[in-house]
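The chain contents come next:
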Amino acid sequence: GENVEQHPSTLSVQEGDSAVIKCTYSDSASNYFPWYKQELGKRPQLIIDIRSNVGEKKDQRIAVTLNKTAKHFSLHITETQPEDSAVYFCAASEGGGNKLTFGTGTQLKVEL
Amino acid sequence: DAGITQSPRHKVTETGTPVTLRCHQTENHRYMYWYRQDPGHGLRLIHYSYGVKDTDKGEVSDGYSVSRSKTEDFLLTLESATSSQTSVYFCAISEKGHGYEQYFGPGTRLTVT
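What follows covers the layout of surface pockets. By volume, the largest pocket amounts to about 530 Å³. Among the elements of the structure, β9 (86-93) and β11 (106-111) of chain A together with β4 (31-38), β9 (87-94) and β11 (108-112) of chain B are those that each provide at least two residues to the lining of the largest pocket. The residue makeup of the lining of the largest pocket, split by class, is seven nonpolar, 14 polar and five charged.

A word on the state of the cysteines. Applying the stated criterion across every chain, the model contains two disulfides over all chains. Disulfide pairing places cysteine 23 of chain A opposite cysteine 90 of chain A at an S-S distance of 1.9 Å. Here the S-S torsion is close to -100°, and the disulfide linking cysteine 23 of chain A with cysteine 90 of chain A is therefore left-handed. A residue pair is termed long-range when its members are at least 10 positions apart, and cysteine 23 of chain A in strand β3 (residues 19-25) and cysteine 90 of chain A in strand β9 qualify at 67 residues. Covalent S-S linkage joins cysteine 23 of chain B and cysteine 91 of chain B, the inter-sulfur distance amounting to 1.9 Å. The disulfide joining cysteine 23 of chain B to cysteine 91 of chain B has a torsion of about -70° about its S-S bond and is therefore left-handed. Here cysteine 23 of chain B is found in strand β3 (residues 19-25), whereas its partner cysteine 91 of chain B is found in strand β9, with 68 residues between them in sequence. With respect to burial, cysteine 23 of chain B and cysteine 91 of chain B carry one shared label: buried.

Calculation notes
Residues numbered from 1 in each chain as written. Chains lettered and ligands numbered in written order. Predicted model: local features only at pLDDT ≥ 70, side-chain atom pairs only at ≥ 80, totals over all residues. Heavy atoms only, no water. 1 Å grid on protein atoms, 1.4 Å probe; cavity = no way out; pocket = protein on both sides within 12 Å on 5 of 7 lines; lining within 4 Å. Points joined across faces, edges and corners; volume = space filled by probe spheres on them. Helix = DSSP H or I, 4+ residues; strand = E, 2+ residues; numbered from the N terminus. Nonpolar A, V, L, I, M, F, W, Y, C, P; charged D, E, K, R; others polar. Disulfide = S-S within 2.5 Å. Buried < 20%, exposed > 50% of the residue type's maximum accessible area, 1.4 Å probe, protein only.

In structure tokens, the structure reads:
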């Protein structure tokens, strides 16, 4: 089955800096890659997603890039703010529209 | 937030007792999921449903069963709770299935003593 690895497990940045979180996947047939943000004690919330027919997608300060050849995708957050502090999860859907497999999460801390 | 509720939100139970968690949605979505979240493991799929009375196993289904008798309700049952099932359980819904957006409920924190 699909295996998703996520790095780093923790990331600390200064307010205003950029943050990058990277994930790799194993199933070359995977075609859907969402990112979730989870604040402490809250539910995971979908913040952005990308499909395998697109290389990059942006939504204001966040962007996701996908490299199908290398089987990795990344979340980019620019001009970080304290409210960006949370755990971020990547996920990949196995080929054929099958189950989502999640990475183990990245704790992002934005320091003032 | 999508119209998803979970009950109870917190529960403490003893080893060996049965436990049922409920997920209720008002979005009329076809697909519903149960995940567990543990430190260092992210979110792992327990079971999912692709319609009324249609369910299938996820990657960590041992010790769990599910039922879906109505579109809006998806029940997760621990037949005989064990300490290893102490976790936070999230329900999720999707209109189109695995390869599309999933929206999560608020979660249930279960402690098995």
